[in-house]
Amino acid sequence: MAEPMGFFTDTTVCIGCKACEVACKEWNQLPAADGGAPRLSGDSYDNTRRLDGTHWRHVRFVEQFSEDRRDGRWLLMSDVCKHCVQAGCLEVCPTGAIIRTEFDTVVIQSDVCNGCRACLTGCPFGVIGLNPVSGTAQKCTLCYDRLQAGLEPACSKACPTDSIQFGTIRELRQRAEARVQQLHRQGESRAWLYGADDRMLGGLNAFFLLVDRPEVYGLPPAPKLPSRNLVPSGLWSLLGAIAVGLAGLISFRDRPAARRDVGARREAA
Amino acid sequence: MSPAGLPSTFFTAPPEWGWWIVLYFFVGGIAGGAYVLAVLIDLVGRPEARGLARLGYVVAFPAVVVSALLLIVDLHRPERFWHMLVQSETWRPMFKAWSPISFGAWALLAFGAFALVGVLAALHEDGRLRWGWLSRLRPPAPLGIVLGVLGGALGLVVAGYTGVLLAVTNRPIWADSPLLGLLFLVSGASTAAAVLILLATRARRWAADVETLARFDAFALALELVVLVALVASLGSIVPRVWFNAWGLLLLVGVGILGILVPLALEWHPRAPAPSRALAAALVLVGGLLLRVVMLLSAEAVGRVA
């Protein structure tokens, strides 16, 4: 197995150019929505809105301005599949379409997926969507095809500010830690890393440097695995099965006393 | 922007599990429940009730076939439905015990086999099929008891795993309570009893055993009410976010009052007249369907945080 690879997305240097979105769509030949008809969201400069089956990179625009607009800042973040070390989508997929690759990334095999949408519910980040052309669930593959050919993913290659950095997880974590230290020294004390250690789902292989709470970027504060509910829910159901079975046995049992009554009445008749 | 304190389940994407899945949850619950009731009657019931048990098998098998069809139609690549059972690349069996859909696909397949045996044996006893060996496949024949117990266990799985399936996600409501599997299982039993009550009432037969079924149904409804209240309580602060709207009203009125409390009151009387019993059964069915409508579609209505 090759060394685990991933993305470090430093949101503080993102300029919102969307080169990553375009490069991703071009390389992966993702179709336009609604046949390319313009669709304006009215929300900042963002008409993509969210990651889904045909948008595997999404630049989020967060405008934070005071009432009188004297003070304010833009938060820009290029969002992507987190390639979780413990991946909720992979866990629930019933066809085996979702696999972990030799690069420790998570890939949906489009020729195996049958479009049941379990992975959409399993992903803690709402990353996966259906591609209407293939009828299958799709998301970022971390450019599995490019990685196999020794190339870096299209988005990080296209990023003009190195907001998206590609590399081995080990190296990226060191680089990210150094960047946080640098920002803290410069007075940006709010800088922190989201998903850069093993505590979040065993580690996110695409992790982020943020300067606000995760919710502000549309990221869950405490992402969890779907399997956490398997045992409690299963045990409660088992209890219900026992209750239903016992209730049935008690209700339907053939009571000899009642039968004698019926028999006696029959004989009398 | 995003309100503070939003639970993490609200940052996920809805899977667009819509009407096909609502109907599947409803029909699948009836399939599992009807088979279980039939086996229970066969195992411990009086001989005169075997006709009612036969009705259970006759309901369960078509219901499980319809269930499978509903699931296949819901796929966006229905021609690949078999990928749930066989690995398309290696032809090895595809089974993941911890993935409720994978587990459920196998449970449904296996249950379908038991339900088929059940309906064939029932038709044999009915005189519609004349294969002598079929009588060995239904209780009180020893092999029939084994088949019935195994099939009954699978029937309970089919009725209940759908709620576990919803829990083993990251979606609002579904993943926020451990009680959906229990709720669906109990509701499956009560809706199956309601179907049998309606069919038997229409056939004007087995009056004494229908009374027993109604008594069982009343117990199931009472349990369902307790579980439903516990589920709402277990959701806690999620409730205002997801059910202080038309969905909540539908859950309260459609499921709680019309689907549980009213039929419970109607069935509580030991010697209720047939029409009121039939009305109660019909209301149980409506409530069972609405329960699944609310549980699925109210969570679907919570979109991604934009």
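Predicted, not measured: the structure shown is a model, and the values here were computed from it. (Residues numbered from 1 in each chain as written. Chains lettered and ligands numbered in written order. Predicted model: local features only at pLDDT ≥ 70, side-chain atom pairs only at ≥ 80, totals over all residues.)

(A) Focus on the overall build of chain B. Secondary structure summary: chain B contains nine helices and zero strands in total. When the elements of chain B are put in sequence order from the N terminus, they spell out α-α-α-α-α-α-α-α-α. Over its C-alpha trace chain B gives a radius of gyration of 20 Å, about what one expects of a compact globule, namely 19 Å for 306 residues. Expressed as a percentage of its 306 residues, the buried residues of chain B come to 55%. (Helix = DSSP H or I, 4+ residues; strand = E, 2+ residues; numbered from the N terminus. Rg over C-alpha atoms; globule rule 2.2 N^0.38 Å. Buried ≥ 20, exposed ≤ 12 C-beta atoms within 10 Å, placed from the backbone.)

(B) Geometry of the interface of chain A and chain B. Counting from both sides, the interface comprises 59 residues of chain A and, opposite them, 62 residues of chain B. At the level of secondary structure, the elements contributing two or more residues to the side of chain A that touches chain B comprise α2 (88-92), α3 (118-122), β6 (129-131) and α7 (230-252) of chain A. Sorting elements by how many residues they give to the side of chain A that touches chain B places α7(A) first, with 16 residues. A class-by-class count of the residues in the side of chain A that touches chain B yields 30 nonpolar, 20 polar and nine charged. (Contact = placed C-beta atoms within 7 Å. Nonpolar A, V, L, I, M, F, W, Y, C, P; charged D, E, K, R; others polar.)

(C) Spatial organisation of the sheet that holds strand β8 (residues 164-168) of chain A. Residue and element names in this part refer to chain A. Spatially, β8-β1-β10-β9 is the arrangement adopted by the four strands of the open sheet, whose pairing is mixed. Unpaired on one side and paired on the other, β8 and β9 (192-194) mark the two borders of the sheet. Going across the sheet, the axis of each strand differs from the next one's by a mean of 25°, ignoring polarity. Sheet analysis places strand β1 (residues 5-10) next to strand β10 (residues 206-210), joined by four bridges and oriented parallel. Looking across to β10, one finds that F7 is bridged to A206. Sheet contacts for helix α6 (residues 169-185): β1, β8, β9 and β10; angle to β8, the most-contacted strand, approximately 135°. (Pairing = 2+ DSSP bridges. Axes fitted to C-alpha atoms, helices over the stretch in contact; angles between N-to-C directions.)

(D) Expanded view of the packing of helix α5 (residues 180-203) of chain B against helix α9 (residues 274-300) of chain B. Residue and element names in this part refer to chain B. It is at 9 Å that the axes of α5 and α9 come closest, and there the two elements cross at 150°. Regarding α5 and α9, the two cross each other, and that crossing is left-handed. Where α5 approaches α9, its residues L180, S187, S190, T191, A194, V195, I197, L198 and T201 are matched on the opposing element by A274, R277, A278, A281, A282, V284, L285, G288, L291 and M295. Its residues assigned to classes, the contact of α5 with α9 comprises 13 nonpolar, five polar and one charged. (Left-handed = near helix turned anticlockwise from the far one by under 90°.)

(E) Summary view of the pairing of strand β2 (residues 57-65) of chain A. All names here are of chain A. In this sheet, strand β3 (residues 72-80) lies alongside β2 in antiparallel orientation, the contact comprising nine bridges. Its bridge partner being in β3, R60 is matched across the sheet by M77. Hairpin remark: β2 followed by β3, antiparallel, with six residues in the connecting loop; positive phi at R69, about 60°.

(F) View of helix α1 (residues 19-44) of chain B. Taking 1.5 Å as the rise per residue, α1(B) with 26 residues should run 38 Å; its terminal C-alpha atoms sit 37 Å apart, in good agreement. Along α1(B), 22 of the 26 residues are buried, which leaves the element largely enclosed by surrounding structure. (Expected span 1.5 Å × (residues − 1).)

(G) Main features of the domain arrangement of chain A. As far as domains go, chain A holds domain 1 (5-223) and domain 2 (228-268). On a C-alpha basis, the centres of domain 1 of chain A and domain 2 of chain A stand 53 Å from each other. (Domains from an automatic or database assignment.)

(H) Fine view of the packing of helix α6 (residues 207-235) of chain B against helix α8 (residues 246-268) of chain B. Residues and elements named next belong to chain B. Look at α6 against α8: their axes get within 9 Å of each other, and the N-to-C directions meet at 145°. α6 and α8 meet at a crossing whose hand is left-handed. The residues of α8 that touch α6, namely those facing A214, D217, A218, L221, A222, E224, L225 and L228, are G256, I260, P263, L264, E267 and W268.

(I) Just the nonpolar core, in detail. B:A34, B:A60 and B:L196 are the most contacted members of the largest nonpolar core, which totals 178 residues. Considering each element in turn, this core owes the most residues, 17 residues, to α1(B). (Core = buried A, V, L, I, M, F, W, Y, C linked by C-beta atoms within 7 Å.)

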